[in-house]
Amino acid sequence: MNPSINSVDIESATAFIRHELRTPINAIVGYGEMVQEELAEANSPLTEEIDTLLVEAQKLLEIINLFVKHSDGEDKSDFQKLFSTIPHSTNFSITNIILNCDSLLEAEECTNELELTEDIRKIKLAALRLQGLVNNIESIFTNFLESLNPGNGTGLSPDFIFPSSSNTNEISLGNIKTNGVDSRELLKGKILVVDDNPSNLDLFFQHLTRKGHAVTTCLSAKDVLGLLQSQNYDLILLDLLMPETNGDQFLEYLKTSVEFQHIPVIIVSALDEFESIIRCIEMGAEDFLPKPFDPVLLKARIGSSLEKKRLRDQEKLYTQQVEGLSEMMAKELEKGRQMQKNFLPAHLLTRSGWEFSAYFSPAQQLAGDFYDLFELPGDRLGIVVADVCDKGVGAALFMGLFRSLIRIFSGQAALDGLINPSFNLPSGQGLLDVNLDNLLNNINFEPLESIKLINNYVAINHGEASMFATIFFGILEPSSGKLSYINGGHEPVFIVDSNHQLKTKLTSTGPAVGMLPDLQFKTAEIILQPGDLLLSYTDGVTEAKSPTGNFFGKEKLLNALGSSFNSVDQLMLNIKESLEEHMGEAQQFDDITLLAIKFQTT
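1. Considering the overall build of the chain
Scanning the chain for helices and strands turns up 18 helices and 15 strands. The buried share of the chain, reckoned over its 602 residues, is 47%. Partitioning the contacts of the chain with sequence separation of at least 6, the portion at a separation of at least 24 is 70%. For the chain, the exposed area adds up to about 29800 Å²; of that, 50% sits on carbon and sulfur atoms.

This is the structure we're talking about:
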């Protein structure tokens, strides 16, 4: 530091810096509180964003106050070291304030309120001014000190404007030169400058290329389209007053174009009427810079715009990647859905004197619920309604496992000729030489024993997955109406008579299947009479929620059973419509499965 500069000069320079730093912060807080009050009165959700903005402003004020506290006791020769910490400690909060302002300005609630927009713009302008100050604080401090001693021979830049002869310490920051390499690394971008004045274009070109940007200049908006079609640009600096197509007309075109609307535009114009600024911002301009432009503000605004463009490009790239992955996943899930659909009966069985109907609605593309109706040896029918724990892919995989094990272990696969070769066959005969019907009649199938086998298989081989299922498995003899069943932790099965009155409930006879090995499952029996109807369902029916969160419940299901219907198909349609009316616009959060069987009257 020049020895001719005394402590009084340093104190004056320090006071000037304090004033300059506090002024924009005070503007941010003052206008921010007004915006906060207006948004709070309107119960706007945007209040949180302005609250965040004010928190960042408070952080800045605390940093500046800390600087004031330190500067009062520091060795005067170390002030510049102290100043050098200011940009590092403030830029993060300043950038957050600018981004918050941009977010608020894009909100429809703000764009429809001119006064609100004006206040937010003032906050942003104050933040940008503060950014320019902190990033050039050492130059400002040094220039101010040397302006107090014009005869010290320090070789000041002739563009620096000294304070007037009055006692006020005022400096024009717009004329301070900050030549040389910047102390912090700036984003570099491809910038397109559009202005009808060649001198302005040359000025921008020289200034921006020295900052490391790639610059293209153009004399008219009309000629810009060809450039935009052939190259990608990170930023456009656009003049307002131009021949043929005005800048505001071209701005409107850019911001309504799907192809170019993502390119940030900074309006640079000698027109500084507030109405012009507002009009450009409303049309989508990123910022407004009056001519002659302030290099510090231009630097700050270009840096801010390029940073937001970089973030938008990253967001776009991530969005494209996510969309691509989502599309791929959707295709895979659709394949899985189609494959899982094959596990459900393509067509329900038909039996003279019996009606069968089912309804199935998965909550997601893949489900854990399933139902099944299949033939068994001895002219019997297998009836299954099951609900695998959890939802989605994991539940769907175990759904396929449980369904396949039930069919295999119950003996259904034997009807397809899938007989274990270890069965004792007549001496000297191979499997193909044996009459299948005779073989099946001589094999003592106990289909309900399959539940015990399935329980042990899943618990022993897949216990670490902690997957289980609630299962109702019934064996129906159509000729007599006899129904033997196991209810493994499943919802009670309703039996109603020919008058639609609840006759009985087939409640649990054992725990859910697959939790632990060697669980006990009891077999129960009932004789269905002509006119009786059996309805089995999963908890996705009774726990279906309305928009207000109320469950569908068993009572509404019983009401549907007690209503008038001509067939089980009509009953399924009634229950489906009742569920849809109950859920309304609420999201279905669990799979819904129903299976109805009726013993027709003779």
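Resuming the write-up.
2. Comments concerning the pairing of strand S14 (residues 533-537)
Extensive coverage of S14 is indicated by the burial of five of its five residues. Burial along S14 is two-sided: Leu533, Leu535 and Tyr537 facing one way and Leu534 and Ser536 facing the other are all buried. The pairing of strand S11 (residues 493-496) with S14 spans three bridges and is classified as antiparallel. Within S14, the residue paired with Ile495 across the bridge is Leu534. Relative to strand S15 (residues 592-599), S14 runs antiparallel, the two sharing five bridges. Note that in S15 the partner of Leu535 across the bridge is Ala596.

3. A closer look at the sheet that holds strand S7 (residues 369-376)
In spatial order, the strands read S7-S8-S9-S10-S13; together these five strands make up an open sheet with antiparallel pairing. If you trace the sheet from one side to the other, it starts and ends with S7 and strand S13 (524-527), each paired once. Looking at each pair of strands side by side, their axes are set apart by 20° on average, direction ignored. Sheet analysis places strand S9 (residues 469-477) next to strand S10 (residues 482-488), joined by seven bridges and oriented antiparallel. Bridge pairing in S10 links Gly474 to Tyr485. Sitting on the sheet, helix H13 (residues 393-410) touches S7, strand S8 (380-388) and S9, and the angle it makes with S7 is about 15°.

4. Things to note about the pairing of strand S12 (residues 502-506)
Pairing geometry for S11 and S12, over four bridges, is antiparallel. Pairing of Phe494 across the sheet is with Lys505, part of S12. The turn linking S11 back onto S12 is made up of five residues, and His500 within it adopts a positive phi angle of 65°.

5. Examining unusual backbone geometry
Even without a glycine there, the phi angle at Asp379 is positive, about 55°. Looking at the element boundaries, Asp379 is found in the loop between S7 and S8. Here Ser466, not a glycine, exhibits a phi torsion of approximately 55°, which is positive. Note on Ser466: relative accessible area 54%, which makes it exposed.

6. Quick look at the packing of aromatic side chains
Describing an aromatic ring pair means giving the distance of the ring centres and the angle of the ring planes. In this structure the tally under the stated criterion is five aromatic pairs. When the ring of Phe374 is compared with that of Phe473, the centres are 6.4 Å apart and the planes differ by 35°; the resulting orientation is tilted. One end of the pair, Phe374, is in strand S7; the other, Phe473, is in strand S9, with 99 residues separating them in the sequence. Considered together, Phe374 and Phe473 belong to a single accessibility category, that of buried residues. Here the guanidinium or amino end of Lys190 rests over the ring plane of Tyr233, the centre of that ring lying 5.8 Å away. Across from the ring centre of Phe589, 5.4 Å away, lies the NZ or CZ of Lys545, which sits over that ring.

7. Points about the confidence of the model for the chain
Residues of the chain with pLDDT of at least 70 account for 81%, and the chain-wide mean is 81. Throughout residues 152-185 the model reports pLDDT below 50, and contacts reaching past four residues in sequence, or to other chains, amount to 47 contacts.

8. Digging into helix H18 (residues 568-583)
The end-to-end C-alpha separation of H18 is 22 Å, in line with the 22 Å expected for 16 residues at 1.5 Å each. Within the sequence span of H18, burial applies to Val568, Leu571, Met572, Asn574, Ile575, Leu579, His582 and Met583. Taken down its axis, H18 places every buried residue within 160° of arc, on the same side. Buried residues along H18 sit in contact with strand S6 (354-361), S14, helix H16 (539-542), helix H17 (553-562) and S15. Looking at the residues trailing H18, positive phi occurs at Gly584, about 55°.

9. Here's the deal with a nonpolar patch on the surface
Residues Ile408, Phe409, Leu453 and Tyr457 make up a contiguous nonpolar surface patch of about 350 Å² in total accessible area. Within the residue set of the nonpolar patch, elements represented by two or more residues are H13 and helix H15 (449-462). Relative to the helices and strands, Phe409 is located in helix H13. On the accessibility criterion, Phe409 (31% relative accessible area) is partly exposed.

10. So, the sheet that holds strand S3 (residues 235-238)
If you walk across this open sheet you meet the five strands as S2-S1-S3-S4-S5, and the pairing is parallel. For this open sheet the edge positions go to strand S2 (214-218) and strand S5 (287-290), each flanked by a neighbour on one side alone. Going across the sheet, the axis of each strand differs from the next one's by a mean of 20°, ignoring polarity. By the bridge criterion, four bridges tie strand S1 (residues 190-194) to S3 in an arrangement that is parallel. Looking at S3, one finds that Leu192 is bridged to Ile236.

Quick notes on the rules
Chains are numbered independently. Their residues run from 1 in the order of the written sequence. Where totals are concerned, whole chains, interfaces and linings use all residues; where local detail is concerned, this predicted model gives features only for residues with pLDDT of at least 70, and gives and counts side-chain atom pairs only at 80 or more. Side-chain numbers here rest on the full set of heavy atoms in the structure, without hydrogens or water. A run of H or I in DSSP counts as a helix once it spans at least four residues, and a run of E counts as a strand once it spans at least two, with each numbered from the N terminus. The classification of residues rests on relative accessible area computed with a 1.4 Å probe and restricted to protein chains. Under 20% of the type maximum is buried, over 50% is exposed, and intermediate values are partly exposed. By definition in these notes, contact holds between two residues if any of their heavy atoms fall within 4.5 Å. With residues, only the protein chains shown are counted as cover, and all accessible areas are computed by Shrake-Rupley using a 1.4 Å probe. For two strands to count as paired, DSSP must find a minimum of two bridges between them. Simply put, an axis is a line fit to the C-alpha atoms, just over the touching stretch for a helix, and the angle between two N-to-C directions goes from 0 to 180 degrees. Between rings of Phe, Tyr and Trp, where Trp is taken as its six-membered ring, a pair exists when centres lie within 6.5 Å; planes separated by under 30 degrees are stacked, by over 60 edge-to-face, and by other angles tilted. Lysine NZ or arginine CZ positioned within 6 Å of the ring centre and within 35 degrees of the ring normal marks a charge as sitting over the ring. Scored between 0 and 100, pLDDT is the confidence that the predictor attaches to each residue. Here a helix's expected span is defined as the number of its residues, less one, multiplied by 1.5 Å. The directions considered for the arc are those from the helix axis to the C-beta atoms. Note on patches: the residues involved have over 30% relative accessible area and no salt bridge, like charges join within 9 Å, and the nonpolar side chains Val, Leu, Ile, Met, Phe, Trp and Tyr join within 5 Å. One side-chain nitrogen of Lys or Arg within 4 Å of one carboxyl oxygen of Asp or Glu is enough to make a salt bridge.

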